[in-house]
Amino acid sequence: MAMEVTQVLLNAQAVDGTVRKHAEESLKQFQDQNLPGFLLSLSGELASNDKPVDSRKLAGLILKNTLDAKEQHRKFELVQRWLSLDSAVKAQIKGCLLQTLSSPVSDARSTASQVIAKIAGIELPHNQWPELIGSLLSNIHQLPAHVKQATLETLGYLCEEVSSDVVDQDQVNKILTAVVQGMNSSEPNSDVRLAATRALYNALGFAQANFTNDMERDYIMRVVCEATLSPELKIRQAAFECLVSISSTYYEKLSSYIHDIFNITAKAVREDEEPVALQAIEFWSSICDEEIDILEEYGGDFSGDSDIPCYYFIKQALAVLVPMLLETLLKQEEDQDQDEGAWNLAMAGGTCLGLVARTVGDEIVSLVMPFMEENIMKPDWRQREAATYAFGSILEGPSPDKLTPIVNVALNFMLTALTKDPNNHVKDTTAWTLGRIFEFLHGSTMVTPVITQGNCQQILTVLLQSIKDVPNVAEKACGALYFLAQGYEDVGSSSPLSPFFQDIVQALLTVTHREDAGESRLRTAAYETLNEVVRCSTDETAPTVMQLVPVIMMELNQTLEAQKLSSEEREKQNELQGLLCGCLQVIIQKLGSSEPTKYVFMQYADQMMGLFLRVFACRSATVHEEAMLAIGALAYATGADFSKYMQEFYPYLEMGLQNFEEYQVCAITVGVVGDLCRALEDKILPFCDGIMTQLLKDLSSNQLHRSVKPPIFSCFGDIALAIGENFEKYLIYAMPMLQSAAELSAHASVADDEITEYTNLLRNGILEAYSGIFQGFKNSPKTQLLMPYAPHILQFLDSLYMEKEMDDFVTKTAIGVLGDLADTLGSNAGPLISQAVASKDFLNECLSSDDHLIKESADWTQLAVSRAVSG
C-alpha cells in the first residue's frame, strides 16, 4: 500500500473531480477497514523525505483530523478511539512524527508540529507520553537551525493544546527558558526567533509562577521588548502580540514597564508598518478593557480600599496617548467604507480612543476638542473625517453634563455636513456620529435634551434625505434614525415622532426596495430601523402600524411565489423572508399588547399563520428562526384561540426541537414551547407526549450544545404549569434528569467566568422547573406524588446556599422554590423544611437583601414556610 498511498494522496488533490472523488473514497475505505494500518502509513508518508511535499502535507492534515473535530461529541469519540489504539502502533506513529521535525521540508515539519501537539493534548492529561517534553527540549540544542525552529513551533502548539495544570512547574521553567533563549537577539537565525516569539505567545498562560518572580519577569519582559525592535516585520508583530496578551493576563505586573512600553508602542504606531502598528494600538485597547472591567466591578468606590487592582495606566498616559491616537485617525483608506471587513490604522485608533473615553470619562474631552475644532472645516476630506470620527468616538464615557453643551453647538454643523459635504467618507462618519449622539445623549433620562421641538423636524428631514444617499451613508443614517426612535421609547401616550410617523415608515419601506439595498447591509438596517420605530411608537400611531400588516404580508407572500431559484438567489430570498418575519413579529407584539388594537389585528391572524407555515415549507434554518419567533409572538397575542393552528404547526415544532446541528433553532423552539404553554394552558395537553419525548431526548443527547439545556429545564416548568396534575406521567422521567443535573450544578468547579455563568443558567433552569411543577400541582389531590422528591430538592437548595457562587437571579428563584414547595406540600413537608438550612440562614439572608425582588420573594416564602411548619 506504501507506493499506492502516495499516489492516492496526490490524486485526492487532483483538479479532475472524478479522480479526486475516487481517491477520497479509497482513503475512507482504507481508514474504515484498517485504522492502525491507515495511521501508520500516513505517519510514514509524512516522515519520508523522498516523498512529494503535497502528499506529505495532506498525510499530516488527515492525521490531524483523525484526532480532533469542532463538535464536542465527535472530538470525544476521536480521543477515545486514539487512546484505545495498540500502544506499539501509537509509539511508531509518534516516532515518525518526531523524526519529521528534522526534515529539511518546512511544510512537513510544520504539519508534524501540529499533529504532535494534538496527540499531546490527548495523552498528557492521561499521564501518557511523559518523555515528550524532555525529548523536544533536547532537540533545542541541535545544530541545524530548522530543527530548532520546528521544535519551538511544536512547543508553542503544545502550550495551545494542553491546559497549564497538566505540565509541572519544572518543565514549564525549561520550556520558557528554551523559548526565551530562542527569542534572544543573540540567536542568529530569524526563523528560530520568529518560532520562539510565537511559542511564547502560547506559553504565557503557563508562566504564572514566573511572572510573580521579579527577576524572571524582568528577563521575559526585556526579551519581548527587544523583539519589538527586530529588523524582521513578522517578529516585531509577534512580539507586540505577546505584549497584548501580557497586558490582559498580567495587567497587575506592568507598573515598572509601562513607561518603556508607551515609548515602544508610540514609535511603532508612528513609524512601523501597519500589521505592527495595529498590534501596538491593540496593547492600549487591551489595557482600557482591563481598567473598564476593574472600574465597573468596583463601581468607582475606592475610598476605603487600598488594594483595588487598578493602576490607572490610561489616566497617567492620557496627555501623550490621546495625541498619538488622534494622529492615526488621519491615516484612512480610500475605500474603507465600502469594505465590510476593513480594519486599518485609523479604525483601530478610533476604536482605542472610544475605549479611552470609557476608561477616563470627562478628562478626554478637553484633549480631543482642539483637534476637532482645528480640522472640521479643512478643505482636505481626511481632516474633516478624522475630526468627526474623533468626536463620535468620545460620546460614550464622559458625562452628559460635559458633552451636551458641545453637542448642542455641533449638531447643526453635523446635519449640514450630512447633506452638503462633497465627500462620502465624511458623510458616512457624520451619520455614524449622529447615531452615537442619539444613542448616548437622547432619551427620557436626560436632564437637558439634545433633541427639542425646535430641531426635531430638521433632524428628521435630514435623516430621511440621507437614507436615499449611497448605501454606506444610507445604512449609517438608518442607524441614527434607529437610536432617535429608541430615545422616545418611554414618552407615554404622545411621541414627538408621531406627526412624522407615516413619512418615516414610508421612507424606510422605499429603502428596502432599492436596487442597491443588498450593499453595506442596507436592507437589513432599514428593516431593523423600521422594527425599532414600530416598537417605540405610541397608541396614536397604531392605525398606521395596522396598515403596515397587509403590506408586509404581501411582501412575504411574494417571496414565497418565486420559483426555480439559483442557490445565491435562494440565500437572498431566505434572508428577506427572515427580515419580513422579524418585522411581523415586532408588529404582532406591538398590536397584541393593547386590547383595542388586538381586536382589530386578529382579522389577520389566519392569513399570517398560513404564511408562516409556508415559510417553514421552504425549509431553511435561518428563516425557521425568525418564523418560529413570530409564531411565538402570535401565540402569545392570540391566547387559547391559537389551538386551532396546532395540528398543522406541530410537525414544524417537532422539527425545530430535533434540530441539534443548528442549536440556536432548537433553543428558540424550546422558547416557543414556553409561549405556547402560556397561551394554550391545558389545551396544549394533546401535544405534550410528543413535546416531552423530544425534550427528554434532547437532554440525554451529547450532540446538543449545552446552552440549550437550561431553557429545556425551564420548559418542563412551563409545561407543568400549563397542564397541572396531568404532568404526573412525566414525573418519573423528568425528576431523575432534574436531580442529576442539580447535583452536577450544585458542585460545579468555578474554573472561569464563562463556566460560572453557565452553571448559574443551569441552576436557574432547574429551579424554574421545580417551581412550575410545584405550582402546577397546587390544590390537586395528587400533590403527595411530589413528597418523595422534596428531600432532594431541599438538599439542592442547601448546597446552593453553602456554595455561595449564586447570582441574584438564582438566589431569587431558589428562595421562591422553597416557598412553592412549602405552599404546595403544606404541613406534610413541615418537618423536612424545618431541618433545612434553606428555611433558616438562607431565608434570613434573603429577607434582609438589598435587592427588592429577592426580598419580595423571601417575604412570600416566609409566610408559606411558617404555615407549613406550624400546620
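The preceding data block contains the structure.
Our subject in this report is the structure included herewith. (Residues numbered from 1 in each chain as written. Predicted model: local features only at pLDDT ≥ 70, side-chain atom pairs only at ≥ 80, totals over all residues. Heavy atoms only, no water.)

1. Description of the overall build of the protein chain
So, step 1. Tallying secondary structure elements over the protein chain gives 42 helices and zero strands in all.
So, step 2. Computed over its C-alpha atoms, the radius of gyration of the protein chain comes to 32 Å, within 12% of the 29 Å expected for a compact globule of 871 residues.
So, step 3. With respect to the three principal axes, the spread of C-alpha positions in the protein chain is 85 × 75 × 70 Å.
So, step 4. Burial status across the protein chain gives 54% buried among its 871 residues.
So, step 5. Taking the intrachain contacts of the protein chain between residues at least 6 apart in sequence as the baseline, contacts between residues at least 24 apart amount to 73%.
So, step 6. Entry remark: accessible area of the protein chain is about 38800 Å², with carbon and sulfur atoms responsible for 51%.
So, step 7. Separation between the mean location of the 64 positive side-chain charges and that of the 117 negative ones in the protein chain comes to 4 Å. (Helix = DSSP H or I, 4+ residues; strand = E, 2+ residues; numbered from the N terminus. Rg over C-alpha atoms; globule rule 2.2 N^0.38 Å. Buried < 20%, exposed > 50% of the residue type's maximum accessible area, 1.4 Å probe, protein only. Contact = heavy atoms within 4.5 Å. Areas by Shrake-Rupley, 256 points an atom, 1.4 Å probe, with all protein chains shown as cover. Lys, Arg positive; Asp, Glu negative; His and termini not counted. Charge placed at Lys NZ, Arg CZ, Asp CG, Glu CD.)

2. A short note on the state of the cysteines
So, step 1. Taken as a whole and assessed by the stated rule, the structure comprises zero disulfides.
So, step 2. No disulfide involves C583; its sulfur sits 9.9 Å from the nearest other cysteine sulfur, which is in C581.
So, step 3. Classification of C583 as buried rests on a relative accessible area of 1%.
So, step 4. Unpaired in terms of disulfides, C618 finds its nearest cysteine sulfur in C581, a separation of 9.8 Å. (Disulfide = S-S within 2.5 Å.)

3. Here's the deal with the nonpolar core
So, step 1. In this structure, V356, F438, F642, F649, F716, I719 and F727 are the most contacted members of the largest nonpolar core, which totals 303 residues.
So, step 2. Considering each element in turn, this core owes the most residues, 11 residues, to helix 16 (residues 274-298).
So, step 3. Sequence-distant contacts of F716, defined by excluding residues within four places in its chain, comprise M692, L695, L696, L699, F727, A734, L738 and A769. (Core = buried A, V, L, I, M, F, W, Y, C linked by side-chain atoms within 4.5 Å.)

4. Details of the environment of S186
So, step 1. Looking at the secondary structure, you find S186 in the loop between helix 10 (169-183) and helix 11 (190-203).
So, step 2. Residue S186 is classed as exposed on the basis of its relative accessible area of 61%.

5. Brief notes about the environment of R236
So, step 1. Note that R236 resides in helix 14 (residues 233-249).
So, step 2. Here R236 falls in the buried class, since its relative accessible area comes to 11%.
So, step 3. In this structure, the C-alpha to C-alpha distance between R236 and R222, residues 14 residues apart in sequence, is 14 Å.
So, step 4. Not counting the four nearest positions on each side in its chain, R236 is found in contact with A227, T228, L229, S230, P231, D272, E273 and V276.

6. A short note on the side chain of S799
So, step 1. On the secondary structure map, S799 appears in helix 38 (residues 790-803).
So, step 2. The residues contacting S799, other than those within four sequence positions of it, are A746 and H747.

7. Quick notes on the packing of aromatic side chains
So, step 1. Applying the stated criterion across every chain yields a total of 17 aromatic pairs.
So, step 2. Relative to F687, the ring of Y650 lies with its centre 5.5 Å away and its plane at 35°, an arrangement referred to as tilted. Here Y650, found in helix 32 (residues 646-657), pairs with F687, found in helix 34 (residues 685-700); they are 37 residues apart in sequence, far enough to count as distant. Just as Y650 is buried, F687 falls in that class too. (Phe/Tyr/Trp six-rings, centres within 6.5 Å; stacked < 30°, edge-to-face > 60°.)

8. What about helix 17 (residues 313-328)?
So, step 1. Helix geometry: helix 17 is bent most strongly at A319, by close to 65°, with proline P323 lying one to four residues after it.
So, step 2. All buried positions along helix 17 are accounted for by F313, I314, A317, L318, L321, V322, M324, L325, L326 and T328.
So, step 3. Elements in contact with the buried residues of helix 17: helix 15 (258-271), helix 16, helix 18 (345-360), helix 19 (365-375) and helix 20 (381-393). (Bend = angle between axes of the 7 residues up to and from the residue.)

9. Digging into the pattern of salt bridges
So, step 1. In this structure the tally under the stated criterion is 37 salt bridges.
So, step 2. The residue K267 makes a salt bridge to E271 at a minimum N-O spacing of 2.7 Å. Taken together, the positions of K267 and E271, both in helix 15 and four residues apart, correspond to about one turn of that helix. (Salt bridge = Lys/Arg side-chain N within 4 Å of Asp/Glu carboxyl O.)

10. Quick word on the environment of R436
So, step 1. Positionally, R436 belongs in helix 22 (residues 424-441).
So, step 2. The exposure class assigned to R436 is buried, which follows from its relative accessible area of 15%.
So, step 3. Linking R436 and K51, residues 385 residues apart in sequence, is a C-alpha distance of 60 Å.
So, step 4. Other than its neighbours up to four places away in sequence, R436 contacts G392, S393, L395, E396 and L441.

11. Description of helix 39 (residues 808-825)
An α-helix turns once every 3.6 residues. As a result, residues three or four positions apart point the same way.
So, step 1. Here helix 39 contains 18 residues, and its C-alpha end-to-end distance of 26 Å stays within 8% of the 26 Å for a straight helix at 1.5 Å per residue.
So, step 2. Taking burial as the measure, the 18 residues of helix 39 include 14 buried ones, the bulk of the element.
So, step 3. With its phi angle positive at about 60°, G826 sits one or two positions after the end of helix 39. (Expected span 1.5 Å × (residues − 1).)

12. Here's the deal with the packing of helix 30 (residues 605-618) against helix 32
So, step 1. In the contact formed by helix 30 and helix 32, the axes pass within 11 Å of each other and the chain directions differ by 35°. Helix-helix and strand crossings are classified by hand; for helix 30 and helix 32 the assignment is left-handed. Where helix 30 abuts helix 32, its residues M609, L613, F616 and A617 lie against E648, F649 and Y652.
So, step 2. When its residues are assigned to classes, the contact of helix 30 with helix 32 shows six nonpolar, no polar and one charged. (Axes fitted to C-alpha atoms, helices over the stretch in contact; angles between N-to-C directions. Left-handed = near helix turned anticlockwise from the far one by under 90°. Nonpolar A, V, L, I, M, F, W, Y, C, P; charged D, E, K, R; others polar.)

13. What to know about unusual backbone geometry
So, step 1. Even without being a glycine, Y312 presents a positive backbone phi close to 50°.
So, step 2. When you line up the elements, Y312 lands in the loop between helix 16 and helix 17.
So, step 3. Look at N779: it is not a glycine, yet its phi comes out positive at around 65°.
So, step 4. Positionally, N779 belongs in the loop between helix 37 (753-777) and helix 38.

14. Thoughts on a negative patch on the surface
So, step 1. Judged by side-chain charge, E282, D289, D293, E296, E297, D753, E757, D807 and D808 come together as a negatively charged surface patch.
So, step 2. Relative to the elements of secondary structure, E282 occurs in helix 16.
So, step 3. The exposure class assigned to E282 is partly exposed, which follows from its relative accessible area of 32%. (Patch = residues over 30% accessible without salt bridge, like charges linked within 9 Å, V, L, I, M, F, W, Y side chains within 5 Å.)

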